[in-house]
Amino acid sequence: MLQLYFWPMACSLASRITLMEAGIEARYHLVHLWKKKVIEDDTDFWAVSPKGAVPVLVLENGERLTENAAVLQYIADLRPEFGLAPPPGDPDRYRLQEWLSFVGTEIHKAFLFPTFWYKDQAANAIARERIGKNVSVAAEHLDDRQYLVGERFTVADAYLAWSLLLLGRGGVDVASWPSLVSYLDRIQGRPRVKAAIEAERQIYKTLMA
Ligand SMILES: N[C@@H](CCC(=O)N[C@@H](CS)C(=O)NCC(=O)O)C(=O)O
């Protein structure tokens, strides 16, 4: 069985969404991201992954796969019938990779800076402006489309939707882009996406109580 190391509402949520959309059962290991400990048995998370970051997907053969873009495509390719990624060789597969890279490097990583690392207000303002420009690229793309790639939900949507849910923490309000508000409603309206988010919100609430 696949295993996923996660922290609730962190980017590993995109992997949970993808597993659930693909109907794949997995074992989920909760990691305390600050303490770098696997909560169930106090294992040192650095020993699980020298990157110290989620997601970590343990494959059926015991190998560990990291990096959202790789993990999401791996899961999608296990169940090609769900169309969560265009098949290898399809020109849209490169569009998918284009979006996964953009969301990962220009949105996800960008909003972590003002959220957690910059104390300086001027630096924060510059970071927020930059994130806003990047988010606008996705918003304009979605002005006349339902999904990022092709005509159906893919792992790029799982990753972008998670980013949009967390964007407020970087001081950027999704409400400024009507196309993103309706996109997020559409993605969150998917029963399995909803269930994945709900599951992680509950875990988060319990942890923070
Ligand atoms: N490059 C990695 C980044 C993953 C990442 O930033 N994960 C965050 C959670 S959203 C994390 O685990 N951060 C812990 C840390 O950096 O200490 C990827 O794309 O998967």
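Residues numbered from 1 in each chain as written. Predicted model: local features only at pLDDT ≥ 70, side-chain atom pairs only at ≥ 80, totals over all residues. Heavy atoms only, no water.

Draft legend 1. Inspection of the pairing of strand β1 (residues 2–6) at higher detail. Buried residues dominate β1, accounting for four of its five residues. In the sheet, β1 pairs with strand β2 (residues 26–32) via five bridges, with the strands oriented parallel. Within β2, the position partnered with Leu-2 by the bridge is Ala-26. With helix α1 (residues 12–21) bridging β1 and its parallel neighbour β2, the resulting β-α-β unit is right-handed. (Buried < 20%, exposed > 50% of the residue type's maximum accessible area, 1.4 Å probe, protein only. Helix = DSSP H or I, 4+ residues; strand = E, 2+ residues; numbered from the N terminus. Pairing = 2+ DSSP bridges. Right-handed = clockwise from strand over helix to strand, strands pointing away.)

Draft legend 2. Structural detail: the UniProt feature "domain: GST N-terminal" (unreviewed entry) in the protein. Sequence positions flagged by UniProt for "domain: GST N-terminal" (unreviewed entry) are, in local numbering, residues 1–83. In residues 1–83, the share of helix is 30% and the share of strand is 27%. The end C-alpha atoms are 21 Å apart. (UniProt positions renumbered as here; feature names shortened; annotations may be inferred.)

Draft legend 3. Layout of the environment of Pro-80. Mapped onto the elements, Pro-80 comes out in the loop between α3 (68–78) and α4 (91–117). The exposure class assigned to Pro-80 is exposed, which follows from its relative accessible area of 57%. Taking the C-alpha atoms as reference, Pro-80 lies 34 Å from Lys-37; in sequence the two are 43 residues apart.

Draft legend 4. Examining the packing of helix α6 (residues 155–166) against helix α7 (residues 178–188) more closely. Two numbers describe how α6 lies on α7: the axes approach to 10 Å, and their chain directions differ by 120 degrees. For the pair α6 and α7, the sense of crossing is left-handed. Each of Asp-157, Leu-160, Ala-161, Leu-164 and Leu-165 in α6 lies in contact with α7, whose residues at this interface are Leu-180, Tyr-183, Leu-184, Ile-187 and Gln-188. Looking at side-chain class alone, the contact of α6 with α7 contains eight nonpolar, one polar and one charged residues. (Axes fitted to C-alpha atoms, helices over the stretch in contact; angles between N-to-C directions. Left-handed = near helix turned anticlockwise from the far one by under 90°. Contact = heavy atoms within 4.5 Å. Nonpolar A, V, L, I, M, F, W, Y, C, P; charged D, E, K, R; others polar.)

Draft legend 5. Layout of the environment of Leu-207. By secondary structure assignment, the location of Leu-207 is in helix α8 (residues 191–208). By relative accessible area, which is 33% here, Leu-207 ends up partly exposed. For the pair Leu-207 and His-32, spaced 175 residues apart in sequence, the C-alpha separation works out to 9.8 Å. Leave out the neighbours within four places in its chain, and Leu-207 touches Trp-7, Pro-8, Leu-30 and Ile-39.

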